[in-house]
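# Architecture at a glance
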Amino acid sequence: MRPPIRDIAVVAFGQTDHRRTTDEQSEVEMLMPVLHQVLDATGLRTSDIGFTCSGSSDYLAGRAFSFTMALDGVGAWPPISESHVEMDGAWALYEAWTKLLTGEADTALVYAYGKSSPGSVRDVLTRQLDPYYVAPLWPDSVALAALQARALIDAGDTDEPALAGVAARSRRSAESNPHAQLRGGDVPHGDYIVHPLRTGDCPPIGDGAAAVILAAGDRARELCERPAWIRGVDHRIEAHSLGVRDLTDSPSARLAAENAGAFERPVDTAELHAPFTSQEVVLRKALRLGDDVRVNPSGGALAANPVMAAGLIRIGEAAARIHRGESRRALAHATSGPCLQQNLVAVLEDSAQETR
Amino acid sequence: MTTTPRPPEVLRAPLVVEFPFTRSLGPVQSAFLSGLRDRTVLGVRTTAGEVLVPPVEYDPVTADELRDLVEVGTTGTVTTWAWNPEPRRGQPLDTPFAWVLVKLDGADTALLHALDTTGPDAVRTGQRVRVRWAEERTGAITDIACFEPDDSTPGQDRPAPHTGEFENPVTGIVAAARLDYTYGPGKAQSRYINALAEHRTVGERCPSCHKVYVPPRGACPTCGVATTDQVEVGPAGTVTTYCIVNVKAKNLDIELPYVYAHIALDGADLALHGRIAGIPYDQVRMGLRVEPVWTEGGRYPDHYRPTGEPDADYDTYKELI
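Just so it is clear, the model here is predicted, and its values are computed rather than measured.

## Things to note about the overall build of chain B
When its secondary structure is counted, chain B shows 3 helices and 20 strands. Its C-alpha radius of gyration of 31 Å places chain B more than 25% over the 20 Å reference for a compact globule of 321 residues. Within chain B, the proportion of its 321 residues that are buried is 47%. In chain B, the proportion of contacts linking residues at least 24 apart, taken out of those at least 6 apart, comes to 58%. Across chain B, the mean location of the 31 positive side-chain charges is 4 Å away from that of the 43 negative side-chain charges.

Okay, here's the thing in structure tokens:
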């Protein structure tokens, strides 16, 4: 991969406390405090931002063009340069990073939000499936993840106690994350939802929002004491038909990681967007993460999974560890679609290209 | 009049989203679904010679166009499974069942469907299963009602060439979907809607630019900050612009033509929209002074009618158009 033509960094990250329901707030009311967090952290005003990009989903909201309402929260008058992806905010960050690479902007505000509480997220997610052969059967997100988990168990890659271990470790890690929805080692692993996945193997259902500010070069150094420099970002997709794919592997995650530069040197931290315990097993293998890598110190998506924001939060959490001096080189991953169909990998470092 | 917001009385209402997407089929999908209707399962052969079931029109590896249809068996082998103890609406069976990926005999890839069996102990990877056809078949994936256990041994059957031609081929599907939500409009809009029920119109003021937004959404779109103070506006206002509607909307019992207008309520810095009545449609004009009319028991104004005041001067509302 060619090195980026500009150094671009995550300079601020904010997120809501993720909760089972936020029915007293509209989406923009939920989002606005988070936008103010990242603006306050950098001292920027909305009018200073060069590019704004968001990720959310009309299907979660149950309303067409729902993202336009959230634009009130970013001060979209007078007109701003803005874009939206109907995907997790990690993909909005990818677009913003690309925009900054072109030199058309020096700063970008990226945000994402999702409220799963008004609907049934297991049913809502069926609407992203192949509409001819799959969606008419309404296979919910847990069922599809369970097929993948069974394939991993049959292949000898994991077993149920190991999966329970992933859940327990994630929620113990989340004890130090004040925003997490589920915390602590004593969250019961529960009954089977769809065998072989139990309650504890599945992410909590909840509402939440996150925001990130990106800045290029010297602007990043002005705005942040220790910017989290983006070494590379890449995203890849696999065939939509589950029966064509090897569910025990994630070649798209591996390829994205390779193109993002993840394998050039070891990382010390990995924030993986693995909503199901079994998906962490797949990703650890595909991303070649050894036992010395700190995986999901935030607790990951098993501790809080606001759909559409959870991937952006992985990038934000990885960046925040660099901001705090707790990581020197971190991998952040986001996923979309059933059984890790789409994968995005970003590599973040504590020093810019030119200083290495 | 300015008041501090009351504790939020959060509103909630059921919201049902239904969409019967009508989708056309390409030649391969049409052949596959027409085949299911006639109890025949078709696959498609890839450039590398693999047989994909369900078939697709483009090779997932090479992106080559695929048209080489073949017929595969109606028995097959489970490649992975998941036991579903609580079937959800729309799923193939309403009793507990296993989700399965099934590699049909002669196919190289697996099809997702349901397996009707007694419990998780009765399912295993490698298990033999066969198609149970739906009694009424229309040319859809649900023409396979589900799979059921089968005691056959995998045969050496090779997929047989198939023209993909059927009498009265299926050329489209209607993918009906329904999603149920409980919609909550949030604090600012709840306050607005609750006030309307008391025949008051309430906007919210931006603490930064001091503009009053109505209806309030909780944020100032110029400053990007939360609106704070509640401000009662109106009841009268000025028509800033309007249009004459000649198209009847579904389930709307209003005589045509009618007038739909932007109305700047007195004290508001943003015009809201509403229907104008109580005046012939061709006499509505910019600057017309109007007031809201609530019907008996109505929670929001049914329409706006002229107040009888002289028209507002253009300069007093031109900023709000």
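## Observations regarding the nonpolar core
Counting 58 residues, the largest nonpolar core has B:F32, B:L36, B:V41, B:V72, B:W99, B:L104 and B:F147 as its most contacted members. Breaking this core down by element, the ones donating at least two residues are α6 (141-154) of chain A together with α1 (27-37), β5 (69-72), β6 (75-84), β7 (97-104), β8 (111-115), β9 (128-133) and β10 (144-149) of chain B. In terms of residue count, α6(A) provides more of this core than any other element does, 8 residues in total. If sequence neighbours within four positions are ignored, B:L36 has contacts with B:V41, B:W133, B:R137, B:A140, B:I141, B:D143 and B:I144. Core analysis: the second largest hydrophobic core is formed by 39 residues, A:A92, A:L100, A:L312 and A:A318 among them.

## Here we look at the sheet that holds strand β12 (residues 342-349) of chain A
All names here are of chain A. Taken together, 10 strands build an open sheet; the order of strands is β3-β2-β4-β7-β1-β8-β12-β11-β9-β10 and the sheet is mixed. Lying at the two open borders of the sheet, with one neighbouring strand each, are β3 (82-85) and β10 (294-295). Summarising the sheet, strand β1 (residues 8-15) and strand β7 (residues 207-216) pair through 7 bridges and their orientation is antiparallel. Bridge pairing in β7 places V10 opposite L214.

## Topic: the side chain of A:T42
Its place among the elements puts A:T42 in helix α1 (residues 27-42). Non-local contacts of A:T42, meaning those with residues more than four positions away in its chain, are made with A:V11, A:A12, A:I213 and A:L223.

## Here we look at the packing of helix α7 (residues 160-173) of chain A against helix α10 (residues 277-286) of chain A
Residues and elements named next belong to chain A. Contact pair α7 / α10: the axes reach a minimum separation of 8 Å and the direction vectors enclose 95°. Judged by the inter-axis angle, α7 sits roughly perpendicular to α10. Where α7 approaches α10, its residues L163, V166, A167, R169 and S170 are matched on the opposing element by T277, S278, E280, V281 and R284. For the contact of α7 with α10, the residue count by class is 4 nonpolar, 3 polar and 3 charged.

## Topic: the sheet that holds strand β4 (residues 51-52) of chain B
Residues and elements named next belong to chain B. Here we have 4 strands laid out as an open sheet, ordered β4-β3-β5-β11, and antiparallel in their pairing. Edge positions in the sheet fall to β4 and β11 (160-161), since each of these pairs with one other strand and no more. Here 2 bridges tie strand β3 (residues 41-45) to β4, and the two strands are oriented antiparallel to one another. Following the sheet pairing, R45 is matched in β4 by V51. Lying over the sheet, α1 contacts β3 and β5, oriented at roughly 155° with respect to β3.

## Here we look at helix α9 (residues 251-260) of chain A
All names here are of chain A. Within the span of α9, buried status applies to S252, A253, A256, A257 and A260. Looking straight down α9, one finds that the buried residues subtend no more than 135° of arc, so they occupy a single side. Buried residues along α9 sit in contact with β8 (228-237), α10 and β12. Positioned one or two residues after α9, G261 has a phi angle of 90°, which is positive.

## A word on the interface of chain B and chain A
Taken together, the contacts link 62 residues of chain B with 53 residues of chain A. For the chain B and chain A pair, buried surface summed over both sides reaches about 4,700 Å², with 61% attributable to carbon and sulfur atoms. The largest share of the area that chain B buries against chain A comes from B:R88, B:L112 and B:Y181, three residues that together contribute 13% of it. Counting every contact that joins chain B to chain A gives 2 salt bridges. Across the pair A:D23 and B:R12 runs a salt bridge whose closest N-O atoms are separated by 2.6 Å. Our enumeration of links across chain B and chain A arrives at 20 residue pairs in polar contact (both at pLDDT 80 or more). At the level of secondary structure, the elements contributing two or more residues to the side of chain B that touches chain A comprise β2 (13-24), α1, β6, β7, β8, β12 (172-183) and α2 (186-197) of chain B. When residues in the side of chain B that touches chain A are grouped by element, the largest group, 10 residues, is from β12(B). For the side of chain B that touches chain A, the residue count by class is 38 nonpolar, 16 polar and 8 charged.

## Concerning the side chain of A:R245
Residues and elements named next belong to chain A. Following the sequence through the fold, R245 ends up in the loop between β8 and α9. Here P338 takes part through its backbone oxygen, which lies 3.5 Å from a polar atom of the side chain of R245. For R245, the contacting residues outside a window of four places in its chain are E238, A239, P338, C339, L340 and Q341.

## Examining the pattern of salt bridges
In this structure the tally under the stated criterion is 44 salt bridges over all chains. Residues joined by salt bridges that share partners form a network here, namely B:D116, B:R130, B:R132, B:E148 and B:D150.

## Focus on the domain arrangement of chain B
In many reports, interface size means the accessible area that the parts give up when they come together. What the domain assignment lists for chain B is domain 1 (26-170) and domain 2 (236-321). Of note, the centres of domain 1 of chain B and domain 2 of chain B, computed from C-alpha atoms alone, are 58 Å apart.

## Examining a nonpolar patch on the surface
Residues and elements named next belong to chain B. A contiguous nonpolar surface patch, about 560 Å² in accessible area, is contributed by Y242, I244, Y281, M286, Y314 and I321. Along the chain, Y314 falls in helix α3 (residues 314-317). A residue is classified by how much of its surface remains accessible, and Y314, at 44% relative accessible area, is partly exposed.

## Quick look at the packing of aromatic side chains
Counting across every chain of the model gives 6 aromatic pairs over all chains. Between A:Y94 and A:W97 the ring centres are 6.1 Å apart and the planes differ by 50°, which places this aromatic pair in the tilted class. Linking A:Y94 with A:W97, this pair stays in helix α4 (residues 89-102), spanning 3 residues, or about one helical turn. In this structure A:W97 comes out as buried when scored by relative accessible area, which is 4%. Feature note: the residues A:Y59, B:F19 and B:F21 constitute an aromatic cluster, connected by ring pairs. The ring of A:Y132 has B:R23 sitting right over it, with the charged end atom 6.0 Å from the ring centre.

## Some remarks on the pairing of strand β19 (residues 289-293) of chain B
All names here are of chain B. Counting buried positions over the 5 residues of β19 gives 4, a clear majority of the element. As defined by bridge partners, strand β16 (residues 237-245) adjoins β19 across 2 bridges and the pair is classed as antiparallel. Across the sheet, the residue bridging to G237 is V290, located in β19.

## Describing the environment of B:R12
Relative to the elements of secondary structure, B:R12 occurs in the loop between β1 (2-3) and β2. By relative accessible area, B:R12 is classed as partly exposed at 49%. Measuring from C-alpha to C-alpha, the distance between B:R12 and B:Y183 comes to 5.5 Å, with 171 residues separating the pair along the chain. The residues contacting B:R12, other than those within four sequence positions of it, are A:D23, B:T182 and B:Y183. Within the local environment of B:R12, its side chain forms a polar contact with the side chain of A:D23, the two groups lying 2.6 Å apart.

Conventions and cut-offs
Residues numbered from 1 in each chain as written. Chains lettered and ligands numbered in written order. Predicted model: local features only at pLDDT ≥ 70, side-chain atom pairs only at ≥ 80, totals over all residues. Heavy atoms only, no water. Helix = DSSP H or I, 4+ residues; strand = E, 2+ residues; numbered from the N terminus. Rg over C-alpha atoms; globule rule 2.2 N^0.38 Å. Buried < 20%, exposed > 50% of the residue type's maximum accessible area, 1.4 Å probe, protein only. Contact = heavy atoms within 4.5 Å. Lys, Arg positive; Asp, Glu negative; His and termini not counted. Charge placed at Lys NZ, Arg CZ, Asp CG, Glu CD. Core = buried A, V, L, I, M, F, W, Y, C linked by side-chain atoms within 4.5 Å. Pairing = 2+ DSSP bridges. Axes fitted to C-alpha atoms, helices over the stretch in contact; angles between N-to-C directions. Parallel < 35°, antiparallel > 145°, perpendicular 65-115°, else oblique. Nonpolar A, V, L, I, M, F, W, Y, C, P; charged D, E, K, R; others polar. Arc of directions from axis to C-beta. Buried area = accessible area lost by both parts, 1.4 Å probe. Salt bridge = Lys/Arg side-chain N within 4 Å of Asp/Glu carboxyl O. Polar contact = N/O pair within 3.5 Å; in protein donor to acceptor, adjacent residues only side chain to side chain. Domains from an automatic or database assignment. Patch = residues over 30% accessible without salt bridge, like charges linked within 9 Å, V, L, I, M, F, W, Y side chains within 5 Å. Areas by Shrake-Rupley, 256 points an atom, 1.4 Å probe, with all protein chains shown as cover. Phe/Tyr/Trp six-rings, centres within 6.5 Å; stacked < 30°, edge-to-face > 60°. Lys NZ or Arg CZ within 6 Å of the ring centre and 35° of its normal.

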